[in-house]
Every structure is written in C-alpha cells, then in structure tokens.
Amino acid sequence: MQNFQRGKRDAPDPGVLIRSTAATFVPTSVTLPPNSFQAAAPNGPFLLILSEVSRPPPTSLTLKFSLAGVENVTDLKQNFNRHLHFTLVKDRNVATRRDYYFALAHTVRDHLMGRWIRTQQHYYEKDPKRVYYISLEFYMGRALQNTMVNLALENACDEAMYQMGLDMEELEDMEEDAGLGNGGLGRLAACFLDSMASLGLAGYGYGIRYEFGIFNQKIVNGWQVEEADDWLRFGNPWEKARPEYMRPVHFYGKTEHHADGVKWVDTQVVLALPYDTPIPGYRNNIVNTMRLWSAKAPCEFNLKDFNVGGYIQAVLDRNLAENISRVLYPNDNFFEGKELRLKQEYFVVSATLQDIIRRFKVSKFGSREIARTDFSKLPEKVAIQLNDTHPAMAIPELMRVLVDEEKLSWETAWDICVRTCAYTNHTVLPEALERWPVDLFAHLLPRHLEIVYEINRRHLERVAAKFPGDQDRLRRMSLIEEGGQKRINMAHLCIVGSHAVNGVAQIHSDILKATVFKDFYEMEPHKFQNKTNGITPRRWLVMCNPGLAEVIAERIGEDFIRDLDQLRSLCKYVNDEAFIRDVAKVKQENKMKLAVHLEDHYKVKINPNSMFDIQVKRIHEYKRQLLNCLHIITYYNRIKKEPNRQWTPRTIMIGGKAAPGYHTAKMIIRLITAIGEVVNNDPVVGDRLKVIFLENYRVTLAEKVIPAADLSEQISTAGTEASGTGNMKFMLNGALTIGTMDGANVEMAEEAGEGNLFIFGMRVDDVEALDKKGYHAGEYYNRLPELKQAIDQISGGFFSPKQPDLFKEIVNMLMHHDRFKVFADYEAYIKCQEDVNALYKNPKEWTKKAIYNIAGCGKFSSDRTIAQYAREIWGMEPTLEKLPSPDDI
C-alpha cells in the first residue's frame, strides 16, 4: 500500500494502522513494540512501501513490507544534480527556486521517456485502432505532481528533496499552470487524456499550443483586470518540439475545376509545428501523447524581391501568420465570428488530419513497413472525436483530402468520413452555437465552402425524401441559414457528418433530442447518445486530497483509484464512528490549510469552523452567481436584524473569470466584491459571515479549494447547464451540493440519494411552463419582502455608497430581462439554505451525508466515460493493459 500523504516523518502512535514511511531497512517481517519506531531507524531514512499491514493489538504494531527503491532516492538525487549542472548550467550557489523546480521536472521527465518511447513502439507493433480527440482547449494545469502520482514517484521524490533540504510544495508552486482552456470543456479534455492512457487506449489529444493561455485575473478596486498569461516565458520542461512533423496549412486562394478534379491554388501557407507532451497512465507504464500545434511563418521569401524597407516589412509580416497560435479566445459560451478564430479552428484541423493520414498510411506488415492505401480501412483504424463544434472543419477538410487529393468518389469519401467522425455537444445556449458567415468562409476557405454546399445539397435531398413537402423542416435542418447574412450552422454540419452525436449528461442529451436537435433526432435517431461527463480520480482525489484518499484506502484498499465504482462499498461504513471521525478530521485539516492560504493572499482572517460555502466556475448569468449574492445579502440582513441569535457561521467564496468582453459578468464580479467589502467590515457580523472573491481561479487553486469545501453551489437555471464537472469534484471530495435539477446534478442525486443533496427550485418542465405563462420578476419582488430589501439595497447604493447608481443595470436586468429567472428560484433557495444551516449544526449527520456522496461518485469517473465512448462510439475496447517498465527490460 502506498502513502498518499506526504511529509509524514513522525513516529506512528502505537496500535494505529500506518502506511509507508521513511525508515531503515529491516527484515521482511518485523514486529515493532510501542514507541520503538525511532530506535528502529537510527541510520537515516530510506523509503519503504508496505505491501501488507495488519491492525495489531494495542501493544504492538506488525508490519510487512518490501524494500522499494532505496537506490531510487539516491538515483533521484544524482539525476537532480546532473540536470541542475548540465541542463540548467547552475550550481547550488546561484540556483534559484525555479531552477530547482526545473531540475526536478527534468528528473521526473526522465522516468517518462522510456515509457513514452515503448508505448509508441507498442502501438506501432500492434497497430490498434487509434482515437484522436480534437479540442481547441486542453486545460491541463500543472504536470509535475500529477506525473509523480501516476508513476508512483511522489514519495521517493519527496524524500529526495527533503534530504537535499528542499521543500517539495515550494518547488511545485514554481510551475506555471498550462491554462489552455476556459473552464469545463478544456478541463474535461484533460481528464479524458488521463483516462485514455490509464485504460490502455491508443489515444491522442490534438489542439493548439497557445502562446498565451486563459488570462490571469487580478481584482483591482473590486474590478476584474486581465493580464496576459505568458505561461511559456520560463520554458516548458514537459514538451518536445517535433519539427520533422511540421505540416503546411493553406488559407485564402481560389479553386480551379478540371476534368481530373478540383485544385485549391494561390493559397497562403502557414506552417504547423507540433509540440508533444507525454500523458502518463496510472501506474501501467503507458504514456500517450498530446500534440499541440504552433503556427510558424514559412521561411521562403526571396530577398531580391525587396528593397531594404520591403525586406524589413516582410520579416515583420511573419507575425501575422504566427498570430494564429498566439492567444486562446476567452469567450467559450458566446460565439464571436472572428476571422482569427476560424483560422485557429481550420489550422488545428488541417494539421491534425495530415498527421492522422500520415500515421494511417504507415502500416506494419510482419517485419516490413508498407504504405496503407486502402482508405476504406480508415474507420477501422481511426476514430475522430470532435470536442464541440470548434473542430467541425474536420468534416469538410477530410472530404477535401479524400476527394481532391486521394481521388476517391464523393460517395465513398462521405461514407468514410461519417463512420470516422463523432461529435460531442457541450451547450444548449443559442448564443454559444457557432454560425460562420458564408462570405468569411468564401474568402478564407473557398474550397471548403463548395464542399459544405455539396454536403448540404445531398443532405437536404435525403430530408426531402423522408419528409416530402415539409419546406419548413428543410429550412430548419439546412446547414446554411438563410435570411439576412447567410451563415453556416456548424452544429448541423457536425451532426450530418458524424455517425454519433452525444450530450454530456442524461438531461442534456434528452433536451438535445427534444428541442435543440429535434428534427435531426427524428431523421436519424440511431445517431444520438448520452455520455455523462466524468473526472479523473487521480488528480481530483489522490493528488489534491491525499488525506481523504488514505482514509478511504484504509477501509477498502487502493483499487478504487482505477475503479471508482468500488467507492460504493463505503456505504457500509456510514455509521462507523471511527470512519466518520476520520473523514471529518481530513475535511477540517483541508479547511485549516485553505484558511491559512486565504489569510496570506486576501488578508481576511477566516474562521475554519465556519461552513465553507463555495461557488467556483466561470462568471456567467446562467450559472446564477447573482442568486448566491441575494442569499448573502439576505443572510447578512438577518444577522443584522437579530445579532444575538445563534447563526451558523459561513465563509462564502465565489471565484471565476468573466470573459473580457462580457460586461454583465464583470459587473457581477464587482457586485460580489462590493458585498464583501460591506459584510467583511461589519463588526456586528464578525466572523459569522465572510465573503471572499477568489482571484484568478484556475486548476491549481481548485486543487486547494475543492478538498476544503463543505457546501458546493450548483445553482444554474434548470435546462441550461450541459453537465458540469466541478459539481463532481466537490462531491468526490466530500462536499454536499446545493443545486437545481440541472446537468449532472440529476444523476448525482440518483447515485447518492436525493436526500443527501440539497435540491431546490424549478425543474425543466417548470421553467418551460413559466416561459409559456410569462416570467414577471416584479411579482416576486413585490411578494417577497427580503428579496425586495436586497434588491433595493443593491439599487440604492448600500453596497456602493460612493457610486449609488453603480449596480442599476444589474437590477434593471434582473427586474426586466432576466432570461435565467433568478427571482423565480429565490424563495426555494433561501428555504433550502436554512436546511443547510440546520444540518451543519449536526456535524455527525453532515459527515454521514458526505460519505454517501463520496460513495456515490463511482459513475463520475472519466474512466467510465471514456470506456463508454470507446465501446459505444469508437468501436474500441479498453485493454487495461500494463506494459513492462523500461527498468524491467
């Protein structure tokens, strides 16, 4: 068994079950009497991994262990110094903490390289079907600790750094977050890569190596200020450039139609340079690849064509090409038809398909390598998953390659394309659906526009044949939206050009079939599936909450890390006093750590015994941070009205980024900070209520916040959140959810028992009924005195005395054009929060519900999600294969 918690070097208490620890090598089986641990280790620490531990009588502690990598710690220290000297060209006299981080990262990376090479050799030898997950976002976070966990190196590295006088956590904090995503969609892609490797699938992630990721958020005088996320400024030790696989990507130009086919000519070329990042599976020696493309200008320009000024300008103009991979677009729930964004989407698709076809064509036949030319085999060897509509250009691009370059007939090419591609939808919000102007397409990708028109012509012929005379249906199902400016509906393109279409929670998939894509479902019901999202338990439990992982492993063993369904067996411990106490203790320790972090960063003293009530996600109207604000104000007003009453203390934390162009979201942040300024400085309230806006919320901060949460706020309007994955992370870490029946909340309630969540508010049917009836916010405002008081305080300047009108537009939106019906759920929400307060006063019962939530998390592993994608969409079977370690060969 492994030790999930790090830095534990104290002697164990007698009679207590312990895990691995640092000790002198002693015989394979030994009984240590009480208090003899220190005496048993007089010669300095070595790393031991326990293979078996039995709980002894109180008088002795029986240990069975095997010596594990005593040399490993020594080797790690030697390799660390080698990298410090020869890779970084530093010694201990001049090295900085960042240098030590890089030395450690390179040391850990060395353990990946042999596994990475052997994995690719294995795939080459076996020639399995490969899945290509194309996404414009991969929100990876930090790699060092995750790699150590997956390679079982964490304890050895921790010990090596300790012996060298370095603090592991300080070194880990030097790593930049790889923030190449906005939120859930990009983080899901990262979890999926982890699961593909852990399940032994030949999986590849393809995306863009943005020079600047999601912006860094600063809060200045209560306002969000964006700063560039220059995450590569110190270099990235985890990536490897592959210039030998650089590919040309074409833009603009024109098409020429000849007797032997169509040619796309007079194009401008941008080069796609791949950077590979290793993705280790969990302790199976499999290392897959994430390949991110960086845009480079071609070098060929003839100097004699320029005078001096022209030469300088020509060199400067190279930046225009390289802008393609410069920055991640921050609006992931609002479509903006920017030419640069369409360039990014085609850039990643074109480069990726060239890479896929290159790999497909190289086939192993016995001991010989031959060129595979039969493209009818492509769907048997290649699965392409489109992560939302952003990579939708894969469909016309694959058709262009097969028809124009490989000279296949349209019918053959289309059959191959449909059987190869599959599409995941991530949103039902109409403003998020991509609809590209036809004139922009014609200018940037003229050949692809012709292909889309041909796809649409044939598609509408099939629709007309199935639904004769239904002209309105033809209009609704067309890929080309007429009226005003012609636009290409990219979701329609994805559905028509894929063999499978899935939503990401059962309720979301049902909504797609019933409303958003109803016509397409009626046309081809066999295409539509559900694949409820999941999270990787490696990062979101073992890595970020080792204390809880250890408490769980003591009861049910460690196999739950690979098979999260095993958590269900925790239900038998729900009345076990010791287990309840252990779970509560871990939560309190996590809260203490977070309280220290918050005090250091926000200069607000936190009561660690208060309820940690947390809502962290992108700032958006549909996620209803404003409903949370109304509860804060209501609770504040109640405390002020009855200051001598025994109130349940709360620390309410809200975090997330607002897209820079999303004015309302920025105003919501300003309102949250304004409320905090009033509440936190009110001596009557004291530490019974604190409000903190968590600045620059990102993966690394989530890893600190989520394990410490008591209450998770998942309060979107029913029918608007596709799934959510933050809700699953909180659940896995023992937080209770207050939420609407939206997204994956519905399935969470099914798995844990609805009585173990705090469910409130309208269901999808209620929202639809209210839409038909007409939603009038004023009715709620006039009927509910506490709501009226809160709104009047916001509009009257109570929270902005120097600018009384500061929040008038938020109030105007809530009163007159609130699409997400905040007031309609206010009363039920406040009542539900009262139930939360009452339960929190009974810690034992609270912890029991937390245990039921943890036990119900099995379904929400990304391993389960990916296994379902593999079997039901990609036609692959997870191997659960474990390759031999390079050290064993």
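If you look the protein up in an unreviewed UniProt entry, it shows as Alpha-1,4 glucan phosphorylase from Takifugu rubripes. As stated in UniProt under Cofactor (unreviewed entry), the record for the protein gives "pyridoxal 5'-phosphate".

1. Describing the sheet that holds strand 23 (residues 487–489)
One key point about sheets: their strands pair by backbone hydrogen bonds, in either a parallel or an antiparallel sense. If you walk across this open sheet you meet the three strands as 21-23-22, and the pairing is antiparallel. The sheet is open, and its two edges are formed by strand 21 (435–437) and strand 22 (480–481), each paired on a single side. The sheet contact formed by strand 21 and strand 23 spans three bridges and is antiparallel. Paired with Trp436 across the strands is Ile488, a residue of strand 23.

2. Points about the packing of aromatic side chains
Within this structure, the stated rule accounts for 22 aromatic pairs. Summarising the aromatic geometry, the rings of Tyr132 and Tyr204 are spaced 5.2 Å apart at their centres and angled 20° between planes, so their arrangement reads as stacked. Here Tyr204 lies in strand 8 (residues 203–208) and Tyr132 lies in strand 5 (residues 130–134), a separation of 72 residues in the sequence. We note that Tyr132, like Tyr204, is buried. Seen from their ring centres, Tyr622 and Phe820 are 6.4 Å apart, and the 50° between their planes marks the pair as tilted. Pair noted here: Tyr622 is in the loop between strand 26 (611–616) and helix 21 (625–641) and Phe820 is in the loop between helix 29 (808–816) and helix 30 (822–840), with a separation of 198 residues, a long-range link. We classify Tyr622 as buried; its relative accessible area is 3%. By relative accessible area, Phe820 is classed as buried at 3%. Linked through ring pairs, Tyr132, Tyr204, Tyr206 and Trp293 together constitute an aromatic cluster. We note Arg209 situated over the ring of Tyr275; from NZ or CZ to the ring centre the distance is 3.7 Å.

3. Notes on the UniProt feature "modified residue: N6-(pyridoxal phosphate)lysine" (unreviewed entry) in the protein
UniProt records the feature "modified residue: N6-(pyridoxal phosphate)lysine" (unreviewed entry) at Lys729, using the numbering of this structure. Mapped onto the secondary structure, Lys729 falls in helix 24 (residues 726–732). Judged by its relative accessible area of 7%, Lys729 falls in the buried class. If sequence neighbours within four positions are ignored, Lys729 has contacts with Arg187, Ile535, Trp540 and Ile706.

4. Quick notes on the pairing of strand 27 (residues 650–655)
Counting buried residues in strand 27 gives six out of six residues, a clear majority hidden from the surface. Side-chain alternation along strand 27 places Arg650, Ile652 and Ile654 on one buried face and Thr651, Met653 and Gly655 on a second face that is also buried. Once the chain exits strand 26 it traverses helix 21 before rejoining the sheet at strand 27, and the crossover so formed is right-handed. By the bridge criterion, six bridges tie strand 27 to strand 28 (residues 689–694) in an arrangement that is parallel. Residue pairing across strands places Ile654 opposite Phe693, the latter belonging to strand 28. One crossover worth recording links strand 27 to the parallel strand 28 by way of helix 22 (residues 663–680), and it is right-handed.

Parameters at a glance
- Residues numbered from 1 in each chain as written.
- Predicted model: local features only at pLDDT ≥ 70, side-chain atom pairs only at ≥ 80, totals over all residues.
- Heavy atoms only, no water.
- UniProt positions renumbered as here; feature names shortened; annotations may be inferred.
- Pairing = 2+ DSSP bridges.
- Helix = DSSP H or I, 4+ residues; strand = E, 2+ residues; numbered from the N terminus.
- Phe/Tyr/Trp six-rings, centres within 6.5 Å; stacked < 30°, edge-to-face > 60°.
- Buried < 20%, exposed > 50% of the residue type's maximum accessible area, 1.4 Å probe, protein only.
- Lys NZ or Arg CZ within 6 Å of the ring centre and 35° of its normal.
- Contact = heavy atoms within 4.5 Å.
- Right-handed = clockwise from strand over helix to strand, strands pointing away.

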